[in-house]
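# Residue-level structural notes
Letter by letter, the chains look like this.
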Amino acid sequence: MQRIRLRYTKRGRLRFTSHRDFQRAFERALRRAEVPMAYSAGFTPHPKVSYANAAPTGTGSEAEYLEIALTEARDPETLRALLDESMPSGLDIVDAVEARTSGLADRLTASVWELRLDGVDVEDARKAVDAFLAAESVEVQRKTKNGLRTFDTRGAVVELTAAPTPGDPQGDRPLDSACAILRLVVRHVTPAVRPDDVLSGLRAVADLAPPVPAAVTRLAQGLFDEESGTVTDPLAPDREAVTAAPPTAAATSSATAPGDGTA
């Protein structure tokens, strides 16, 4: 059995798709691309797909990850291209590597987020950021399935900065009014601290309340490097293992396009 790890995106208006919507679209893409998927055992077999730390509905992302198990070896890049062609534009498969190491989920320990605050002056955002970072703890409340929960957001935040907007790459937000961009690096802790929790914390410590909902995008997620203060690529260990190891049947076998009778 070969395992392939994929990075995918949620861009533009497709950031409003739920995780379940993505699962349905991805399973359709697997069928269209005639991927030789491994299936679970039991009365209701399903494709062996493992999703890791999916972004909340309504947030964009450049760094979502999943892993699939195949019954036949395929070239990761060729497989990525076939799947990407079968996905809706905006849900893009942008990277693929053969899994040569264990514990992908264990390497997703932090995320880098960008929060676009339309209608917020950058100086007001900077003052709120300073107040947030100066606090020892910033407690917020969130409604969960078990009721209202209070937790600290400050401890999970590694970095938080505010800057003026350089433009709108998505093309779906106006640029003729005040706008601040927050860059947030947050550890994956329990309970999870989400970007909207940090916004609630900014409201609590500095009364910062954007007049419209923030546009939130995950720029990266991976292992947090304490020494450099950066979030590293979680697929890098697999790439390094591929280059260090001798070729295998899985690494040298090329994927075959659907319809040639060999898939």
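Residues numbered from 1 in each chain as written. Predicted model: local features only at pLDDT ≥ 70, side-chain atom pairs only at ≥ 80, totals over all residues. Heavy atoms only, no water.

For the rest of this paragraph, the subject is the confidence of the model for the protein chain. Summing up the model confidence of the protein chain, the mean pLDDT is 89 and the portion of residues at 70 or higher is 89%. Helix H6 (residues 249-252) is the least confidently modelled element of the protein chain, averaging 46 in pLDDT, while strand S4 (residues 93-98) averages 98, the highest of any element. Taken together, the stretch residues 168-172 has pLDDT below 50 and engages in nine contacts with residues farther than four places along the chain or on a different chain. The model gives residues 249-263 a pLDDT under 50, and that stretch makes 30 contacts with residues more than four places away or in other chains. (pLDDT = per-residue confidence, 0-100. Helix = DSSP H or I, 4+ residues; strand = E, 2+ residues; numbered from the N terminus. Contact = heavy atoms within 4.5 Å.)

Turning our eyes to something else, we now look at the side chain of Thr153. Looking at where Thr153 falls in the secondary structure, it is placed in the loop between strand S7 (147-152) and strand S8 (157-164). Taking the relative accessible area as the measure of exposure, Thr153 reaches 0% and is therefore buried. (Buried < 20%, exposed > 50% of the residue type's maximum accessible area, 1.4 Å probe, protein only.)

Within the fold, Thr101 resides in the loop between S4 and strand S5 (110-118). Remark: the alpha-carbon pair of Thr101 and Asp238, spanning 137 residues in sequence, is separated by 5.9 Å. Setting aside anything within four residues of it in sequence, one finds Thr101 in contact with Arg3, Arg5, Arg107, Pro237, Asp238 and Ala241.

With that settled, consider the packing of helix H3 (residues 122-134) against helix H4 (residues 195-206). For the pair H3 and H4, interaxial distance at closest approach is 9 Å and the crossing angle is 95 degrees. Taken together, the axes of H3 and H4 lie roughly perpendicular to each other. Here Ala128, Val129, Ala131 and Phe132 of H3 come into contact with H4, specifically with Val198, Gly201, Leu202, Val205 and Ala206. Residues of the contact of H3 with H4, tallied by class, amount to eight nonpolar, one polar and no charged. (Axes fitted to C-alpha atoms, helices over the stretch in contact; angles between N-to-C directions. Parallel < 35°, antiparallel > 145°, perpendicular 65-115°, else oblique. Nonpolar A, V, L, I, M, F, W, Y, C, P; charged D, E, K, R; others polar.)

An α-helix turns once per 3.6 residues; consequently, residues spaced three or four apart project the same way. Here H3 is 13 residues long and its end C-alpha atoms lie 18 Å apart, about the 18 Å a rise of 1.5 Å per residue gives. Within the span of H3, buried status applies to Val122, Ala125, Ala128, Val129 and Phe132. The buried side chains of H3 occupy one side of the element, clustering within an arc of 120 degrees when seen end-on. For H3, exposure combined with an orientation more than 90 degrees from the buried face picks out Lys127, Asp130 and Ala134. Contact partners of the buried residues in H3: S8, strand S9 (179-187) and H4. Here H3 starts with a cap whose side-chain oxygen sits 2.9 Å from the backbone nitrogen of Glu123, and that cap is Asp121. (Expected span 1.5 Å × (residues − 1). Arc of directions from axis to C-beta. Polar contact = N/O pair within 3.5 Å; in protein donor to acceptor, adjacent residues only side chain to side chain.)

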